[in-house]
Each structure stands twice: as structure tokens, then as C-alpha cells.
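Chain by chain, the residues:
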Amino acid sequence: MHDTGMAGWMWVWPLLVVAALVVLVVLVVRALGAGQQPGGRRSARQILDERYARGEIDGEEYRRRRDSLE
């Protein structure tokens, strides 16, 4: 009688494993997508930062445009 009682709970472990995998996938997807706008679009500030980092605009231009965005 004790064996059938334990067999009734055997389905819990696979369910817990699947739930843990789902949580792990969600966390990884969120971490990889951090800092991005929905739909993969970048914000104006991100584009401005990238242009400054590449040397396309100088510090004065960067500050002026950053201030106008805020």
C-alpha cells in the first residue's frame, strides 16, 4: 500500500524539472535582451551613444544632442 502512495507523487519531479527549465529559458532571454527596446529597436540615446563611441561626432555635439533628448 505504501508503494502505490509514492507512485502517485512520481509525476511531481518531471513537472518540477520542466518548470525549472522554463524559468531558466525566460531568465536567459531577458538577460540577452536587456537594454533593447521591444521589437529590437534602439532608442535615440543608444544610437547617439554609439555614434559618439565610433567617433562620428565630437564631445560637444554629443552633449548638445544628449541634452536635447532629455
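Residues numbered from 1 in each chain as written. Predicted model: local features only at pLDDT ≥ 70, side-chain atom pairs only at ≥ 80, totals over all residues. Heavy atoms only, no water.

1. Details of the overall build of the protein chain
Selection criterion: Counting from the N terminus, the helices are DSSP H or I runs at least four residues long and the strands are E runs at least two residues long. Burial classification: accessible surface area is computed with a 1.4 Å probe over protein chains only, and a residue below 20% of its type maximum counts as buried, one above 50% as exposed, and the rest as partly exposed. Methods summary: accessible areas were calculated by the Shrake-Rupley approach with a probe of 1.4 Å, and residue burial reflects only the protein chains presented.
Within the protein chain, the secondary structure is distributed over 4 helices and 0 strands. What you see in the protein chain, going N to C, is helices and strands ordered as α-α-α-α. Across the 70 residues of the protein chain, 9% fall into the buried class. Here the protein chain has roughly 6300 Å² of accessible surface; of this, 64% comes from carbon and sulfur atoms.

2. Re the packing of helix H3 (residues 44-54) against helix H4 (residues 59-69)
The test is simple: Every axis corresponds to a line fitted to the C-alpha atoms, with the helix fit spanning only the stretch in contact, and the corresponding angles, defined between N-to-C directions, vary from 0 to 180 degrees. Angle categories are assigned with fixed cut-offs, so that under 35 degrees is roughly parallel, over 145 is roughly antiparallel, 65 to 115 is roughly perpendicular, and the rest are oblique. Pairs of residues are marked as contacts when any of their non-hydrogen atoms sit within 4.5 Å.
In contact at an axis separation of 10 Å, H3 and H4 are set at 175° when each is read in the N-to-C sense. Between H3 and H4, the interaxial angle falls into the category roughly antiparallel. Facing Ala 44, Arg 45, Leu 48, Asp 49, Arg 51 and Tyr 52 of H3, the residues of H4 in contact are Gly 59, Tyr 62, Arg 65, Arg 66 and Leu 69.

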